[in-house]
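Residue-level listing of the chains:
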Amino acid sequence: MAEPLKHLIGPQTARDTASALSRAWPDFAERDFLAAVLPNIEALELMQRGQLIADALRNSLPQDFEQAAPILRACLPQGGRSGLTGWALLSFNQYIAAHGLDHVEIALDLLKALTPHFTAEFGIRPFIHREQSLALSIISDWTGDPNHHVRRLASEGTRPRLPWAMRLPTLVSDPAPILPILTALIDDREDYVRRSVANSLNDIAKDHPDLVADFVASHRPGASPERLWLLRHASRTLLKKGHAAALANFGFRPLDGVAANLSLENADVAFPGQLAFRIGLRNATPEPQQVMLDYAIHHRMKDGSLRPKVFKGKSLMLAPGGEVTVDKRHAFRPITTRVYYPGEHGLEILVNGASLANATFTLAAPVSIRDER
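The structure presented is a predicted model; accordingly, all values stated were derived computationally and were not measured.

**Brief notes about the overall build of the chain**
- What the chain contains, in helices and strands, is 17 helices and eight strands.
- In terms of principal-axis extent, the alpha carbons of the chain reach across some 80 × 55 × 35 Å.
- Counting over 373 residues, the chain shows a buried share of 46%.
- Partitioning the contacts of the chain with sequence separation of at least 6, the portion at a separation of at least 24 is 67%.
- Taken as a whole, the chain presents about 18,100 Å² of accessible surface, with 50% of it coming from carbon and sulfur.
- Between the centroid of the 41 positive side chains of the chain and the centroid of its 40 negative side chains there is a distance of 5 Å.

Given below as structure tokens:
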């Protein structure tokens, strides 16, 4: 069984943090710090453990953030010297986000120094939310930084809908201020950074589909294979939804004379198990047609309603008057991001975003649900 996530931070994390702070600042009260953390930390979950250490930092460091910031910086690896890395720096993020808001330049510079050793994408968001103009003017300069972690922080930390993080409602409403950042990084030499740019654009597409379709169209001419991949990945939500301009960006025309049929190999699916099905596509026109074949599983919810999730299939060219058969298998297995409920589910075939065929199947009760009865 996998180790619980909360164990990423524990008593040893607190001791390592105390040791680093003692080296960085001779006046650090190590005994008081540990007395505030160690008796309580093991009863808490991951984020609460980080916050407990962050609260102890607040009570142990100078109350003036300008004085505390260089102490925290001195705890980081630098100049060949070892220092705190990884999950030990979650509490630094939490401390900076809570107590550095009146010192935007100092706090963001500290988070920039921290991010090569542990992500700071959550830490910078309160500053963007409170002082967007100033924060983005600082973050924009990071797009030219030699360190790829810093460049990625510029795109990832400004995502309007970054998962598991506080939302940035002003950027959800108007993402224009971050488009120059994304443009500056669109041809970054690191895939790690380019993938972040694509994910940010995909976030924006959920609220501003036409804007992203236009952005992709303007950056597609003369694009390298790496940029083309980024633009396609940025368009994935739009393509799944059949957005006409997004489809046109990648050569998919509105459907004309294409038909689909669907057959299920098994209409009753065990859990865990697989749904096997066959899709037949036919092009009734005298012209070749490029098609994007996807499918949606309409999952049963706790209240009995059905909610679709689209899964990528494949792109293919249908010859004039041609037919193609595609066999697919969709696995149902325990995952942390979904609870499966037994009963009737739906399967829908999407071609260039249009629904062309559907069927229903029955999913058996997962073992965990059976055990609860």
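Resuming the write-up.
**What to know about the side chain of T143**
- Of note, T143 is situated in the loop between α8 (132–140) and α9 (148–156).
- Residue T143 is classed as buried on the basis of its relative accessible area, which comes to 19%.
- Of the polar contacts made by the side chain of T143, one reaches the backbone oxygen of S140; its length is 2.9 Å.
- Contact partners of T143, with chain neighbours within four places excluded, come to R151, A154, I181, A184 and L185.

**As for the sheet that holds strand β5 (residues 306–318)**
- The sheet built from five strands is open, its strands ordered β2-β8-β7-β4-β5 with mixed pairing. Every interior strand has two partners, whereas the edge strands, β2 (268–269) and β5, have only one.
- Where strand β7 (residues 343–351) and strand β8 (residues 354–363) come together, nine bridges link them in antiparallel fashion. Bridge pairing links E344 to T362 in β8.

**With respect to the nonpolar core**
- By size, the foremost hydrophobic cluster in this structure holds 80 residues, and its most contacted members are F33, L61, Y95, I96, L108 and W142.
- Discounting residues that sit within four places of it in the chain, L108 has contacts with I124, F127, A135, I138 and W142.
- Grouped together as the second largest cluster of nonpolar side chains are 25 residues, A260, I279, L281 and V351 included.

**Structural notes on the pattern of salt bridges**
- Under the counting rule described, the total for this entry stands at 16 salt bridges.
- Close ionic contact of R152 with E156 constitutes a salt bridge, the shortest N to O distance being 3.5 Å. One end of the pair, R152, and the other, E156, are both in helix α9, four residues apart, so they sit about a helical turn from each other. By the burial criterion, R152 is buried, and E156 matches it.
- Residues R161 and D207 are paired through a salt bridge, measuring 2.7 Å at the closest nitrogen-oxygen approach. In this pair, R161 is assigned in the loop between α9 and α10 (169–173) and D207 in the loop between α12 (191–205) and α13 (209–219), connecting sequence segments 46 residues apart.
- Accessibility expressed as a relative area gives 30% for D207, which makes it partly exposed.
- Through salt bridges with shared partners, a single network forms among E121, R152, E156, R159 and D203.

**Notes on the packing of helix α6 (residues 104–114) against α8**
- Running from N to C, α6 and α8 cross one another at 40 degrees; their axes reach a closest spacing of 11 Å. As the angle between them shows, α6 and α8 are arranged oblique. Considering how the two elements wind past one another, α6 and α8 form a crossing that is right-handed. The segment α6 lies against α8, with V104, E105 and L108 engaging L134, A135 and I138.

**A closer look at α9**
- Counting buried positions along α9 gives seven out of nine residues, so the element sits mostly inside the fold.
- For α9, the full list of buried residues reads V150, R151, R152, L153, A154, S155 and E156.
- Taken together, the buried residues of α9 touch α6, α7 (125–130), α8, α11 (179–185) and α12.
- Two to three positions downstream of the cap, the backbone nitrogen of H149 sits 2.8 Å from a side-chain oxygen, assigning the N-cap of α9 to N147.

**Topic: the pairing of β7**
- With seven of its nine residues buried, β7 lies for the most part within the structure.
- Both strand β4 (residues 289–300) and β7 contribute to a ladder of six bridges, which runs antiparallel. Within β7, the residue paired with A296 across the bridge is E348.

**Comments concerning the confidence of the model for the chain**
- Per-chain confidence: the chain averages 93 in pLDDT, with 98% of residues scoring 70 or above.
- Note on residues 368–373: pLDDT is under 50 here. Beyond four places in sequence and across chains, it has seven contacts.

What counts as what
Residues numbered from 1 in each chain as written. Predicted model: local features only at pLDDT ≥ 70, side-chain atom pairs only at ≥ 80, totals over all residues. Heavy atoms only, no water. Helix = DSSP H or I, 4+ residues; strand = E, 2+ residues; numbered from the N terminus. Buried < 20%, exposed > 50% of the residue type's maximum accessible area, 1.4 Å probe, protein only. Contact = heavy atoms within 4.5 Å. Areas by Shrake-Rupley, 256 points an atom, 1.4 Å probe, with all protein chains shown as cover. Lys, Arg positive; Asp, Glu negative; His and termini not counted. Charge placed at Lys NZ, Arg CZ, Asp CG, Glu CD. Polar contact = N/O pair within 3.5 Å; in protein donor to acceptor, adjacent residues only side chain to side chain. Pairing = 2+ DSSP bridges. Core = buried A, V, L, I, M, F, W, Y, C linked by side-chain atoms within 4.5 Å. Salt bridge = Lys/Arg side-chain N within 4 Å of Asp/Glu carboxyl O. Axes fitted to C-alpha atoms, helices over the stretch in contact; angles between N-to-C directions. Parallel < 35°, antiparallel > 145°, perpendicular 65-115°, else oblique. Left-handed = near helix turned anticlockwise from the far one by under 90°. pLDDT = per-residue confidence, 0-100.

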